[in-house]
Amino acid sequence: MPELPKIPSVSEMMALASDYMPFIPKPAPRYVSEAGKPVHGIIAQFSKTPAVVHAAERVRDAGYTKWDVMTPFPIHGMEESMGIKRTILPAIAAGAAITGVAGALAMQFFMNSDYNIVVQGKPFLAWEPFTPITFELGILVTAFTCLFGMLALNGLPRFHHPLFARDRFLSVSDDTFFICIEASDPNFDPARTRALLESVGAESIELVEDEDR
Amino acid sequence: MSQTQAPATSIPIPERETPRAYLTEAQWRKRLDKLAAHPAMRHDNIHLPEGATTKLSGLLLIAGAAALVITILGAFAINARHALAAFEVGLFTCVAMSLGALFLTMVFHSLNAGWTSTVRRQFENVASLLPVCWVMLLGVVLIEVLGGGILLTWLSEEMAGDHLLEQKSPFLNVGFFGVRFLIYGLVWLVLSQIMVRTSLKQDETGQRGLTRVMRFNSGWGLLVFALTTAFFAFDFLMALDFRFFSTMWGVYFFASAALASVSVVVLVLAVLKGMGRLTGAVTEEHFHDLGKLILSFTVFWAYIAFSQYFLIWYSNIPEETAWYVYRTGEGGYKALFLVLAFGHFVAPFCILLFRKVKRITGLLAFMAAYMIAMTVADMIWIVRPMVYVGEHASENPGVWGGIWLDAAGIVAPLCIWGFFLVRAVGASPLIPLKDPMLHEALAHKNYV
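All values reported here derive from a predicted model rather than from experimental measurement. (Residues numbered from 1 in each chain as written. Chains lettered and ligands numbered in written order. Predicted model: local features only at pLDDT ≥ 70, side-chain atom pairs only at ≥ 80, totals over all residues. Heavy atoms only, no water.)

Attention now moves to the overall build of chain B. Within chain B, the secondary structure is distributed over 17 helices and 0 strands. Structurally, chain B occupies a C-alpha span of about 100 × 65 × 40 Å along its principal axes. Evaluated residue by residue, chain B yields a buried proportion of 53% over its 448 residues. Relative to all contacts within chain B whose residues are 6 or more apart in sequence, the contacts with residues 24 or more apart total 83%. Side-chain charges of chain B comprise 32 positive and 29 negative groups, with the mean position of each set lying 14 Å from the other. (Helix = DSSP H or I, 4+ residues; strand = E, 2+ residues; numbered from the N terminus. Buried < 20%, exposed > 50% of the residue type's maximum accessible area, 1.4 Å probe, protein only. Contact = heavy atoms within 4.5 Å. Lys, Arg positive; Asp, Glu negative; His and termini not counted. Charge placed at Lys NZ, Arg CZ, Asp CG, Glu CD.)

Below, the structure written as structure tokens:
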């Protein structure tokens, strides 16, 4: 079984909500840049696939949890290099499927038991005509849950991401790999994180600022 | 002088090597050498030792022959209809497994599926038994035709005046039936031989082009496969009750065929893994994917079986409905119907959903054996109710009467078929040795 994700604390949920709702105040930043803006994190640039894979392994082993690798194409095996656990989505989908099937059966049962109509001389509450509706509703609920559950687990949709403000970052969709360690990571320390990224062979390292509101 | 003339001192374009979509022959030979040095390609890892299969194949042959003798005795002791029906149940399961394996071999070729390279040889071995199946079918056809319609009642004299049969006589007549039967045999022989022999030839010569030969033949092969499978199912299974018709029948048989063939290949691979072969060549990743195929064809079978039943249930046309009345009515067939609904779909669906089940070889092998048993149960449900109908109802020995004859009749063709399968597995390398996509299969991994 995949490990259950940790339930976020109230402050974490408020921070998440503040991304979507401007009237919710942003939490005070842990670190502030020289320009006085909140620090999003540190990005490191790589130009070779093996380099970024090995760097990710080192960052994983250093115990960081809030970080990500950005690549122009999928790299097989990156999940293991990043230490990402299996997703909880299948279990959520199974729950949705059971809900959909049970809901469809209950709906048809109550509709047909309270309001009997003879159709083509078929028996009341026959399982045959129930089956397609049960199947379709099960699929519908599961498919929507999978899609929106996947988006929610990925933290999507969102209006803006601080990384998009960096011109250098735009080449991530072309030929460059980036590792970004976020300032909200409990292990984050400006000097030590920078030193780690330098030691894993980053070609350039930059501080990424978040937008003030 | 023209203004547009190019200046004489244009920048020289550097000479580049023409980009190639394919490896050169030298590069290809180099890759083959590299492949041969792969730890999974050790000779004893991908070959069975000489004579390793003789014991098992001998056992199967003796068991098959004994069961066949018992079936023939049973034909006289109980009656010929019962014996023939039991034999057909086993035989149709064999045909289903071989046809499904031929189908999947051609699908793997036409989809250019890299991960299947190491498991494809076993699909080829199962498909190569189609001529054996055809010869056994020939025996059934001869008994039916010479016996004047034993289970295929449309062949009998008594039905000559039947209005529905007269309407169907352009299709259901002995001459055309014989021609169709010969066409099935020819198509299955040609297709299975192309797939098997070309693959074996590639083992020796290492010609890459042979893969393209197989891919080309898979294209038209899939089309004629679909037609021959559907019409085989019409002629041998649907025609057991000539009044019944269902345009979905071909797909229904095909669903069983695809399911049973993946299951039997999983069993063969699991046995080979148990003998310490195929280390690194067929891993839990391959079993995971084969398990996914079993799961999907389980769902597909249920989808087709229900759709067929549902339409007939709704429209309630007598000649169609009668078919289900026999099979959900008296004689224990209602119980078998429920066993199929829950045992062939609900239970395996819920079990095979779990990732772990598909990745543990022993568990998946058990599920594969179980699905073959369920396919046999499906064939029993199709064939067996037609034995004691109409004027023969009084001869009915009951559900458990003559169960020994059912068992022997079902086991006989399966054992004979198994004898040829075990021989085929022992006779060739366990994986294609020089497949162009072998490196993909050796490094195969599921990233989910």
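In this structure, proline 157 of chain A follows leucine 156 of chain A across a cis peptide bond, with omega equal to -5 degrees. Residues other than glycine seldom take positive phi values, yet leucine 278 of chain B does so here, at roughly 65 degrees. Residue placement: leucine 278 of chain B occurs in the loop between α10 (249-274) and α11 (284-315). Judged by its relative accessible area of 0%, leucine 278 of chain B falls in the buried class. Positive phi outside glycine occurs at asparagine 316 of chain B, with the angle close to 60 degrees.

What follows is about the packing of aromatic side chains. All names here are of chain B. Following the criterion strictly, the structure yields 48 aromatic pairs over all chains and no others. Ring centres 5.7 Å apart and planes at 85 degrees place the aromatic pair phenylalanine 171 and phenylalanine 176 in the edge-to-face group. Accessibility expressed as a relative area gives 34% for phenylalanine 176, which makes it partly exposed. Arranged with centres 5.3 Å apart and planes meeting at 80 degrees, the rings of phenylalanine 231 and phenylalanine 234 form a pair that is edge-to-face. Here phenylalanine 234 and phenylalanine 231 lie together in helix α9 (residues 209-236), a separation of 3 residues that amounts to about one turn. (Phe/Tyr/Trp six-rings, centres within 6.5 Å; stacked < 30°, edge-to-face > 60°.)

The grouping of Glu157, Glu158, Glu391 and Glu395 of chain B at the surface amounts to a negative patch. Locating glutamate 395 of chain B in the fold gives a position in the loop between α15 (361-383) and α16 (403-427). (Patch = residues over 30% accessible without salt bridge, like charges linked within 9 Å, V, L, I, M, F, W, Y side chains within 5 Å. Areas by Shrake-Rupley, 256 points an atom, 1.4 Å probe, with all protein chains shown as cover. Salt bridge = Lys/Arg side-chain N within 4 Å of Asp/Glu carboxyl O.)

All names here are of chain B. The interhelical angle for the contact between helix α4 (residues 80-110) and helix α5 (residues 117-127), taken along N-to-C directions, is 140 degrees, at an axis separation of 7 Å. When the interaxial angle is binned, α4 and α5 end up oblique. In terms of crossing hand, the pair formed by α4 and α5 is left-handed. Taking contact as the criterion, the partners of Met97, Ser98, Ala101, Leu102, Leu104, Thr105, Phe108 and His109 in α4 are, on α5, Arg120, Phe123, Glu124, Val126 and Ala127. (Axes fitted to C-alpha atoms, helices over the stretch in contact; angles between N-to-C directions. Parallel < 35°, antiparallel > 145°, perpendicular 65-115°, else oblique. Left-handed = near helix turned anticlockwise from the far one by under 90°.)

So, on to the packing of α5 of chain B against α16 of chain B. Residue and element names in this part refer to chain B. In contact at an axis separation of 9 Å, α5 and α16 are set at 140 degrees when each is read in the N-to-C sense. When the interaxial angle is binned, α5 and α16 end up oblique. Between α5 and α16 lies a crossing whose hand is right-handed. Residues Gln122, Asn125 and Val126 of α5 touch α16, and the partners they reach there are Trp417, Leu421, Ala424 and Val425. Its residues assigned to classes, the contact of α5 with α16 comprises 5 nonpolar, 2 polar and no charged. (Nonpolar A, V, L, I, M, F, W, Y, C, P; charged D, E, K, R; others polar.)

With that out of the way, let us pick up the side chain of threonine 228 of chain B. All names here are of chain B. Relative to the helices and strands, threonine 228 is located in helix α9. Residue threonine 228 is classed as buried on the basis of its relative accessible area, which comes to 6%. With residues near it in sequence (within four places) discarded, threonine 228 still touches Tyr184, Val187 and Trp188.

Bringing the confidence of the model for chain B into the picture now. Here chain B shows a mean pLDDT of 92. Residues at 70 or above account for 95%. On the interface metric, ipTM, the complex scores 0.82, and its pTM is 0.89. (pLDDT = per-residue confidence, 0-100.)

It is worth spelling out the domain arrangement of chain A at this point. Taken domain by domain, chain A holds domain 1 (37-86 + 160-209) and domain 2 (89-153). Relative placement of domain 1 of chain A and domain 2 of chain A: their C-alpha centres are 44 Å apart. (Domains from an automatic or database assignment.)

Listed as interface residues are 14 residues of chain A and, on the opposing side, 11 residues of chain B. Interface area lost by chain A to chain B is led by Arg86, Lys122 and Glu128 of chain A, which between them contribute 40%. In this structure, the connection of chain A to chain B is made through 1 salt bridge. Between lysine 445 of chain B and glutamate 80 of chain A there is a salt bridge, with the nearest N and O atoms lying 3.2 Å from each other. Counting every contact that joins chain A to chain B gives 5 residue pairs in polar contact (both at pLDDT 80 or more). Of all the elements in the fold, those that place two or more residues in the side of chain A that touches chain B are α3 (78-82) and α5 (127-153) of chain A. Looking at the side of chain A that touches chain B element by element, the count peaks at 5 residues for α5 of chain A. In terms of residue class, the side of chain A that touches chain B is built from 5 nonpolar, 4 polar and 5 charged. (Buried area = accessible area lost by both parts, 1.4 Å probe. Polar contact = N/O pair within 3.5 Å; in protein donor to acceptor, adjacent residues only side chain to side chain.)

Turning our attention to helix α4 (residues 89-114) of chain A. Residue and element names in this part refer to chain A. Under the 1.5 Å per step criterion, the end-to-end length of α4 is 37 Å for 26 residues, consistent within 8% with the ideal 38 Å. Buried within α4 are the following residues: Leu89, Ala93, Ala96, Gly100, Ala104 and Gln108. On its buried face, α4 sits against α5. (Expected span 1.5 Å × (residues − 1).)

Residue and element names in this part refer to chain A. With antiparallel pairing, 4 strands are arranged side by side in an open sheet as β2-β3-β1-β4. Each end of this open sheet is capped by a strand with a single partner; those strands are β2 (67-70) and β4 (204-209). For this sheet, the mean inter-axis angle between neighbouring strands, taken without regard to orientation, is 20 degrees. For strand β1 (residues 39-46) and strand β3 (residues 177-182), the ladder comprises 6 bridges, and the chain directions are antiparallel. When the bridges of β3 are listed, glycine 41 appears paired with glutamate 182. Across the sheet, helix α2 (residues 49-61) is in contact with β1, β2 and β3; its angle to β3 comes to roughly 15 degrees. Against the sheet, helix α6 (residues 190-199) contacts β1, β3 and β4, and its axis sits at roughly 15 degrees relative to β1. (Pairing = 2+ DSSP bridges.)

Further remarks concern the pattern of salt bridges. Residues and elements named next belong to chain B. Taken as a whole and judged by the stated rule, the model has 18 salt bridges over all chains. One salt bridge connects glutamate 285 with arginine 359, and the closest N-O pair in it is separated by 2.9 Å. Taken together, the positions of glutamate 285 in helix α11 and arginine 359 in helix α14 (residues 355-359) put the pair 74 residues apart, joining distant regions of the chain. For glutamate 285, a relative accessible area of 7% gives the class buried. Among the salt bridges present, the one from aspartate 406 reaches arginine 384, with a minimum N-O distance of 3.0 Å. Of the two residues, aspartate 406 sits in helix α16 while arginine 384 sits in the loop between α15 and α16, which places them 22 residues apart along the sequence. Residue aspartate 406 shares its accessibility class with arginine 384, and that shared class is buried. Where salt bridges share partners, they join Arg120, Arg121, Glu124, Asp203 and Asp435 into one cluster.

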